[in-house]
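Structure at a glance
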Amino acid sequence: IAGNWKMNLSHLQSIAFVQKLAWSLKDARHDYSVTEVAVFPPFTDLRSVQTLISADKIELGFGAQDLSAHASGAYTGEISAGFLKALDVQYVIIGHSERRQYHHESDELIAEKVAIAVENGLVPVICVGETAEDLELYGPSAVPVRQLHGALALAGDATNIVVAYEPVWAIGSGQAATPEQAEQVAEQLRSVVAGVLGDDAGDATRILYGGSVKSSNIAGFLRQPNVDGALVGGASLDISEFASIA
Ligand code: 13P
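Quick caveat, the model's predicted, so the values are computed rather than measured.

Reading the values: rules and limits
- Residues numbered from 1 in each chain as written.
- Predicted model: local features only at pLDDT ≥ 70, side-chain atom pairs only at ≥ 80, totals over all residues.
- Heavy atoms only, no water.
- Buried < 20%, exposed > 50% of the residue type's maximum accessible area, 1.4 Å probe, protein only.
- Helix = DSSP H or I, 4+ residues; strand = E, 2+ residues; numbered from the N terminus.
- Right-handed = clockwise from strand over helix to strand, strands pointing away.
- Pairing = 2+ DSSP bridges.
- Salt bridge = Lys/Arg side-chain N within 4 Å of Asp/Glu carboxyl O.
- Near = heavy atom within 4 Å.
- Polar contact = N/O pair within 3.5 Å; in protein donor to acceptor, adjacent residues only side chain to side chain.
- Areas by Shrake-Rupley, 256 points an atom, 1.4 Å probe, with all protein chains shown as cover.
- Nonpolar A, V, L, I, M, F, W, Y, C, P; charged D, E, K, R; others polar.
- Contact = heavy atoms within 4.5 Å.
- Axes fitted to C-alpha atoms, helices over the stretch in contact; angles between N-to-C directions.

**Some words on the pairing of strand E3 (residues 61-64)**
Side chains Gly61 and Gly63 of E3 all project onto a buried face; the interleaved residues Phe62 and Ala64 project onto the opposite face, where all are buried too. In the classification by handedness, the crossover that spans strand E2 (residues 38-40), the intervening helix H2 (residues 46-55) and the parallel E3 is right-handed. Bridging between E3 and strand E4 (residues 91-94) involves 2 bridges; their strand directions are parallel. Directly across from Gly63, in E4, lies its bridge partner Tyr91. Once you follow E3 into helix H3 (residues 81-86) and on to E4, the crossover reads as right-handed.

So, in structure tokens, the structure goes:
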């Protein structure tokens, strides 16, 4: 269960938030060995979150929301995979639809980011998903499948990746996909992973659904054989709601 905070919560707010989230999960006797929980704060929060998680031995995972395709150098404003690794960051979201849309990230750039994440021992959380227009024109699977092929183009022999199917029309809309819709696409995405990275990777890869996930609809998604978890946006900013989802 992954919480993408997007551009919310300062580093000071992140400390109080992670502390309370850990308490809520502890109160509910959450078993992290059964259900992994990770948060994805803004870059400026990562050091605070790392320090808190390590000092208090909290079992939450954490990741970044993006990274640079370059290793280092004259790239003003960018954050390298090496910097993230040095902060014990385990995961990095790559190719979120908000970056594809507002920052014009191409499939080629996303492939480079996936490759540099993997090279540096970070687990990429590769986001794919169709817009409402794509859905009407091409049906549900074609665009996500094409995007995943693109994202894995330079992934070589990556063995540890996460794929998030996030239909753009379901993000922040309150209108989630149905569990059956999510399953249909997740199954296709798993075949892509198996085809590109091998059957073992296909079996081992966790496929998340994202888009208006709440505590009231999570169970339907997780009942699907090819949906292994969720990438939660808005509801991940509400501690009790996010803890309930987990
Ligand atoms: P919402 O849960 O707010 O729809 O956002 C989903 C998302 O974009 C997670 O990355």
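**Some details on the pattern of salt bridges**
This structure, assessed with the given rule, holds 9 salt bridges. Across the salt bridge formed by Lys113 and Glu105, the nearest N and O atoms sit 2.8 Å from each other. In this structure Glu105 comes out as buried when scored by relative accessible area, which is 7%. A salt bridge links Arg190 to Asp228, with the nearest nitrogen and oxygen atoms 2.8 Å apart. Here Arg190, found in helix H8 (residues 179-197), pairs with Asp228, found in the loop between helix H10 (218-222) and strand E8 (229-232); they are 38 residues apart in sequence, far enough to count as distant.

**Examining the site of the ligand**
Not every one of the 13 residues close to the ligand is listed here, only the nearest: Lys6, Glu166, Gly172, Ser212 and Gly234. Separating an oxygen atom of the ligand from a backbone N or O atom of Gly172 is a distance of 2.6 Å. Protein chains shield 95% of the accessible area of the ligand, which is 310 Å² for the free molecule. Of the residues that constitute the shell around the ligand, the class distribution is 4 nonpolar, 7 polar and 2 charged.

**A closer look at the environment of Glu166**
Structurally, the position occupied by Glu166 is in the loop between strand E6 (162-165) and H8. With 66 residues separating them in the primary sequence, Glu166 and Arg100 have C-alpha atoms 12 Å apart. Filtering out sequence-adjacent residues up to four positions away, Glu166 remains in contact with His96, Cys127, Val128, Gly129, Glu130, Ile171, Gly210, Gly211 and Leu231. Of note is the side chain of Glu166, whose polar atom sits 3.0 Å from the side chain of His96.

**Points about the side chain of Asn226**
Locating Asn226 in the fold gives a position in the loop between H10 and E8. With relative accessibility at 13%, the residue Asn226 sits in the buried group. For Asn226, the side chain forms a polar contact with the side chain of Arg190, separated by 2.6 Å.

**Section: the sheet that holds E4**
Around the barrel, 8 strands lie side by side as E1-E2-E3-E4-E5-E6-E7-E8; this closed barrel has parallel pairing. Taken over all neighbouring pairs, the strand axes of this sheet differ in orientation by 25 degrees on average, direction set aside. Looking at chain direction, E4 and strand E5 (residues 123-128) are connected through 4 bridges and run parallel. The residue bridging Ile94 from the neighbouring strand is Ile126, located in E5. Here helix H5 (residues 107-119) sits on the sheet and contacts E4 and E5; the angle it forms with E4, its principal contact strand, is near 175 degrees. The sheet contacts of helix H7 (residues 142-151) involve E5 and E6, and relative to E5 the element is tilted by about 150 degrees.

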